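Residue-level listing of the chains:
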Amino acid sequence: MILHHYPTSPFAEKIRLIFGYKHMEWQGVEIPMVMPKPNLMPLTGGYRKTPVLQIGADIYCDTALICDVIEHSVPTPSLYNAAPKGLVRTVAQWADNLLFPVAMAYNFQPQGAQHVMAGMPPEVVKVFAEDRKAMRGGGARMPPADATAMYKSHLRRLSTMLEGQPFLLGDKPCLADFSVYHSVWFTLVKVPVIDHILDATPLVRDWAHRMAAWGHGKEHTISAAQALQVAAAAQPAPLSDDVFQDEHGIPLGSEVTVAAESFGTEPTTGKLVAATRTRLTLERNDPQVGKLHVHFPRMGFIMKKVDT
Ligand SMILES: N[C@@H](CCC(=O)N[C@@H](CS)C(=O)NCC(=O)O)C(=O)O
């Protein structure tokens, strides 16, 4: 497995920690924090978010799907053995979609942003701010005061979940723990100057330290060029024979775009080759790396037919 990521990406930290939890060896390619991402685009065909998982000529976008792929390939220890799967997935999705933006608005208040960006040249800081603003569709981040109040509420709720048990949904960690962890990780590790927000919830702080202990597994760093060579030398894996679930009236074989529904909506265009209950797969032919399958989860993504 090749993870395209960068060190300060919280969503990438979710996956790195799952690699650690599952004692995996993996390959890592460091990608830029902002557009352009010239060595990622040949693989994804447009999707720009971090991280992206590559297995040969199969490209997996979004950590919800990446977690499923990892779980399928390395089922033990499981990401789902703490509670019913629906509950685990729902808490994980809440964390990714609601907790994360609140936590990042808190983390990127001026004091936190200055800490993260310390040592970066002003023009790099400016490019980063403009890139993220464009990803938000031009909108501002949530004001720090509101983010602080909301983050405190979320942390109190999490704290009550940890009363009498070491992990959020039971005795063992599950996907929900990893999804919550990456937001709290950024506060503790990347903006320690404002991590006092956790003082009121020591159970959450202790839990975060328990989670951190899984580590990242064994990473072998490779170059972007090597990852592209791997893709060029491989063929996409055969698709599973999952039932075609057509919600759009778009037949397999059609030219479509798939894009995240919000925040970083750059589309990927390709031929729809699978649409299962949980994922969409597009076939692309890239001039640099040849035939690829790019996979997206259904949840959080919008598919449209390309008008010909
Ligand atoms: N729903 C996505 C969210 C990923 C996401 O928002 N990642 C952030 C970094 S943590 C990102 O893409 N930032 C812009 C970038 O890296 O280009 C997932 O689960 O993978």
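What you see is a predicted model, and the numbers here were worked out from it, not measured in a lab.

K.L.:
An account of the overall build of the protein chain is needed here, citing residue identities and associated values.
P.N.:
Each helix and strand counted, the protein chain has 10 helices and 10 strands in total. A compact globule built from 308 residues would reach a C-alpha radius of gyration of about 19 Å, and the protein chain, at 19 Å, matches this within 12%. Along the first, second and third principal axes, the C-alpha atoms of the protein chain reach 55 × 45 × 40 Å. Of all 308 residues assigned to the protein chain, the portion counted as buried reaches 36%. Within the protein chain, counting contacts between residues at least 6 apart in sequence, those at least 24 apart form 73% of the total.

K.L.:
Tell me about the site of the ligand, and please be specific about residues and values.
P.N.:
Surrounding the ligand, one finds Ser 9, Pro 10, Phe 11, Met 33, Arg 48, Lys 49, Thr 50, Asp 62, Thr 63, Ala 64, Asp 96 and Gly 264. Those elements that place two or more of their residues in the shell around the ligand are helix H1 (10-21) and helix H3 (63-73). Grouping the amino acids of the shell around the ligand by side-chain chemistry returns four nonpolar, four polar and four charged.

K.L.:
Give me the domain arrangement of the protein chain: which residues, what numbers.
P.N.:
Taken domain by domain, the protein chain holds domain 1 (2-76 + 219-305) and domain 2 (85-212). Placing a centre on the C-alpha atoms of domain 1 and another on those of domain 2 gives a separation of 24 Å. If you look at the interface, domain 1 gives 14 residues, while domain 2 gives 18 residues. Among the elements that make up the side of domain 1 that touches domain 2, the one with the highest residue count is H1 (seven residues). The class makeup of the residues in the side of domain 1 that touches domain 2 is 10 nonpolar, two polar and two charged.

K.L.:
Which residues make up the sheet that holds strand S1 (residues 2-5), and what values go with them?
P.N.:
Sheet architecture is open: 10 strands sit in the order S5-S2-S1-S3-S4-S9-S8-S7-S6-S10, paired in mixed fashion. Looking at the sheet topology across the chains shown, the edges are occupied by strand S5 (218-221) and strand S10 (301-305). Between one strand axis and the next, the sheet turns by 35 degrees as a mean value, whatever way the strands run. Alignment of strand S4 (residues 58-61) against strand S9 (residues 290-297), held across three bridges, turns out to be parallel. Its bridge partner lying in S9, Asp 58 is registered against His 293.

Basis of the calculations
- Chains are numbered independently. Their residues run from 1 in the order of the written sequence.
- Since the coordinates come from a predicted model, pLDDT governs what is reported: local features require at least 70, and pairs of side-chain atoms require 80 or more to be given and counted, while whole-chain, interface and lining totals use all residues.
- Secondary structure is summarised from DSSP: a helix means a run of H or I of at least four residues, a strand means a run of E of at least two, and numbering begins at the N terminus for each.
- As a reference, a globule follows 2.2 Å times the number of residues to the power 0.38, and the radius of gyration itself is taken over C-alpha atoms.
- With C-beta atoms placed from the backbone, the exposure class of a residue follows from how many other C-beta atoms lie within 10 Å of its own: 20 or more, buried; 12 or fewer, exposed; in between, partly exposed.
- By definition, residues are in contact whenever their C-beta atoms, placed on the basis of the backbone, come within 7 Å of each other.
- The C-beta atom of each residue is placed using the backbone, and any residue whose C-beta lies within 6 Å of a molecule or strand is treated as near it.
- Residues are grouped as follows: Ala, Val, Leu, Ile, Met, Phe, Trp, Tyr, Cys and Pro are nonpolar; Asp, Glu, Lys and Arg are charged; all remaining types, including Gly, are polar.
- Note that the domain bounds were set by an automatic or database domain assignment.
- For two strands to count as paired, DSSP must find a minimum of two bridges between them.
- The angle between two axes is taken between their N-to-C directions and runs from 0 to 180 degrees, where each axis is a line fitted to C-alpha atoms and a helix contributes only its stretch in contact.

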